[in-house]
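One letter stands for each residue in the lines below.
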Amino acid sequence: MNVCELLRYLDQHSGYPLLDGDCAETIHKALAGTHKDVLAGAIVAALCGTSAAGAPDSVVTRAEATTALGPLRLKAMRDDLEGHDLRRIERTVHAIDGAFNDEALAARSS
């Protein structure tokens, strides 16, 4: 799965908007710190930091994506973020699992 495929999936399935424009624009804004939603931007920036400096078509694995959110999860658990933000991060992690599960199921049914 590439970064844009994952970001679009998360935008549609996490319960929280993640995209700020198209995928490439979202990545650019997140890495520049200008994403319209600070936490969503931090999530995108973390995910993009896992592969080829955030290239939209670079491949990202489930392990890389989940690990990338580790520091944000730890910060949220230390009460540095509101409870609502911890929920957003946790739902994003669950949606990452869903994205890769759906991809695996689609590959098996082909």
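Residues numbered from 1 in each chain as written. Predicted model: local features only at pLDDT ≥ 70, side-chain atom pairs only at ≥ 80, totals over all residues. Heavy atoms only, no water.

(A) View of the confidence of the model for the chain. Per-residue confidence for the chain gives a mean pLDDT of 89, with 93% of residues at or over 70. Between the elements of the chain, mean pLDDT differs from a low of 86, seen in helix α5 (residues 70-77), to a high of 96, seen in helix α1 (residues 3-13). (pLDDT = per-residue confidence, 0-100. Helix = DSSP H or I, 4+ residues; strand = E, 2+ residues; numbered from the N terminus.)

(B) A look at the nonpolar core. Formed by 31 residues in total, the largest nonpolar core has its most connected members in Leu6, Leu7, Ile27, Ile43, Leu47, Leu69 and Ile96. For this core, the elements supplying multiple residues, two or more each, are α1, α2 (23-32), α3 (38-48), α4 (62-68), α5 and α6 (83-108). Ranked by residue count, the leading element in this core is α3, at seven residues. (Core = buried A, V, L, I, M, F, W, Y, C linked by side-chain atoms within 4.5 Å. Buried < 20%, exposed > 50% of the residue type's maximum accessible area, 1.4 Å probe, protein only.)

(C) Geometry of the state of the cysteines. Counted by the stated rule, this structure contains one disulfide. Between the sulfur atoms of Cys4 and its disulfide partner Cys23 the distance amounts to 2.0 Å. Of note, the bridge from Cys4 to Cys23 carries an S-S torsion of about -100° and is left-handed in sense. With Cys4 in helix α1 and Cys23 in helix α2, the pair connects residues that are 19 residues apart, well separated along the chain. Assigned by exposure class, Cys4 and Cys23 land together as buried. With no disulfide partner, Cys48 has as its closest neighbouring cysteine sulfur the one in Cys23, 7.0 Å distant. Among the residues examined, Cys48 registers a relative accessible area of 1% and is labelled buried. (Disulfide = S-S within 2.5 Å.)

(D) Region of interest: the pattern of salt bridges. Tallied over the full model, the rule gives six salt bridges. With its nearest N and O atoms 3.2 Å apart, the salt bridge here joins Lys29 to Glu25. On the criterion of helical spacing, the pair formed by Lys29 and Glu25 is a turn pair, its members being four residues apart in helix α2. Here Glu25 falls in the partly exposed class, since its relative accessible area comes to 37%. The partner of Glu90 in a salt bridge is Arg73, with the nearest N and O atoms 3.0 Å apart. Of this pair, Glu90 sits in helix α6 while Arg73 is found in helix α5, placing the two residues 17 residues apart along the sequence. Note on Arg73: relative accessible area 23%, which makes it partly exposed. Taken together, the shared-partner salt bridges in this structure form one network comprising Asp20, Glu25 and Lys29. (Salt bridge = Lys/Arg side-chain N within 4 Å of Asp/Glu carboxyl O.)

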